[in-house]
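Examining the three-dimensional arrangement
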Amino acid sequence: MNTRAHKIRSSVAVSGTALLLAAAGLGLAPAASAAEPQPPVLAVDTTAPAKVGLAGLPVDFTTKVSNTGTTDTSSARLTYRIDGGAGLPPNAVGLEYRLDGTEWKKVPLTYAGGTFSGEMPETFPLAAGRDRTVRLRVGVPMGTPHNGDGNGGTERLKLTTLVSYGASGAATDTDDDTIEVDGLGTALSGVPATATAGGPAVGFQATVANPTASGYENVTDTLITSKYASVQVLRSGTWETLTPVTSDAEADVYGFDVIGKDASLAAHSSTVVKVRVGYREDTPAGKTTLRSCVFVNQGSVPFRGTTFCGNEATLTVLAAGSAGGTPTPAPTAPATRTPSATPAPSASPSASTEAPSATSGTTSGTSGASSRLAETGSNGTSTIAAVAGAFVLAGAGALGFVALRRRRTRA
């Protein structure tokens, strides 16, 4: 059932002189009232989606227009306003419609002060006592394929639908809806507390989850770690060694695309892959970090695009020759690479933390090596953000110089 968080309907009464005079106690004779032309009376009801995905594909919805008057109209008009707050860039919102046929057409939108507005280019006739349903779809694309915009975001959209007729464009009815905006979640689970430099690799799982009604394309889930690490993923029963991805701005930070580059993720689904990490013999002893970040519409430049990051996992690298670390057992099943119906992990609030440092292969942390598993943050996700209320603020530079903030818990 599609439950909308907030909906307000308001109508602008259209009345003739006879009704105004009657309200003042100065009614006209019946013959004069009957001769007064009556305008169409249009009502509008939009069934907006409850939630869409930031940087995801658009989600379908409908607007129903009813003519409750006694006069036909040849030109019912629909206008939309979408308010996403000051955190959205001008390219953030897209609105399309289908009036006749199967072709989706754009509703041209203008942007001013965080609000997008535009009129559906086509009008349509509507006889008295009849109604018509128009199909639409709305999205928050945040850029274009392979050119994701990492600057800005929002947690909700306020969608206002206005209906009018004729050339004046004066609304006869309006309908307000609130659409939540959520994003991808990414997490590591089962990361061991220790690994030995030059020793056996340690294993865990990486998960990307989509809690929204938007499908996603061009998704790249990247394990962020140091230059001392090597990473393998289990595919079709075989451990495949990944090639590291690096950036000139972060020479000491290595990324490994654990689900491949430009994957797709269906609405309300997740994908899981088994991972193992080994550390070179010359890895400095001490604490080091692992973090999973998912990039949507990443281009040729690594670590840029619309970005969501999970909690940091901290483990301790023991000196070469030490007795410690948990080797990965032999594979028993292939990794899950296609989306499933698994629900997304819920998010939890947290203060901002710094992203992995680009200056060393190790970093300080609060997760102790005495516990069996390092803290993985599998119960929460985070997004790169730098302004209050923004969902994502990434792509402004290298990973070592951005802050991370988790999404608010959803009921």
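See the structure shown above.
Residues numbered from 1 in each chain as written. Predicted model: local features only at pLDDT ≥ 70, side-chain atom pairs only at ≥ 80, totals over all residues. Heavy atoms only, no water.

**Concerning the sheet that holds strand β11 (residues 131-139)**
Spatial ordering of the open sheet is given by β2-β4-β11-β6-β7, a layout of 5 strands whose pairing is antiparallel. Two strands lie at the open edges of the sheet, namely β2 (42-47) and β7 (105-106), each paired on one side alone. Alignment of strand β6 (residues 94-98) against β11, held across 5 bridges, turns out to be antiparallel. Residue Tyr-97 lies in a different strand from β11, and its bridge partner there is Leu-136. (Pairing = 2+ DSSP bridges. Helix = DSSP H or I, 4+ residues; strand = E, 2+ residues; numbered from the N terminus.)

**So, the pattern of salt bridges**
Side chains that differ in sign of charge can pair as their charged atoms come close. As enumerated under the stated definition, the model contains 13 salt bridges in all. The shortest N-O distance in the salt bridge between Asp-60 and Arg-135 comes to 2.9 Å. Of this pair, Asp-60 sits in strand β4 (residues 59-67) while Arg-135 sits in strand β11; the two residues are 75 residues apart in sequence, bridging distant segments of the chain. With a relative accessible area of 35%, Arg-135 lands in the partly exposed category. (Salt bridge = Lys/Arg side-chain N within 4 Å of Asp/Glu carboxyl O. Buried < 20%, exposed > 50% of the residue type's maximum accessible area, 1.4 Å probe, protein only.)

**Regarding the packing of aromatic side chains**
For the structure on display, the rule yields 3 aromatic pairs. Considering the side-chain rings of Tyr-254 and Phe-256, the 6.5 Å spacing of their centres and the 50° angle between planes classify their relative orientation as tilted. By relative accessible area, which is 21% here, Tyr-254 ends up partly exposed. Considering the side-chain rings of Phe-295 and Phe-303, the 6.2 Å spacing of their centres and the 40° angle between planes classify their relative orientation as tilted. By relative accessible area, which is 0% here, Phe-295 ends up buried. Judged by its relative accessible area of 5%, Phe-303 is buried. The positively charged end of Arg-98 is found above the aromatic ring belonging to Trp-104, 5.2 Å away from the centroid. (Phe/Tyr/Trp six-rings, centres within 6.5 Å; stacked < 30°, edge-to-face > 60°. Lys NZ or Arg CZ within 6 Å of the ring centre and 35° of its normal.)

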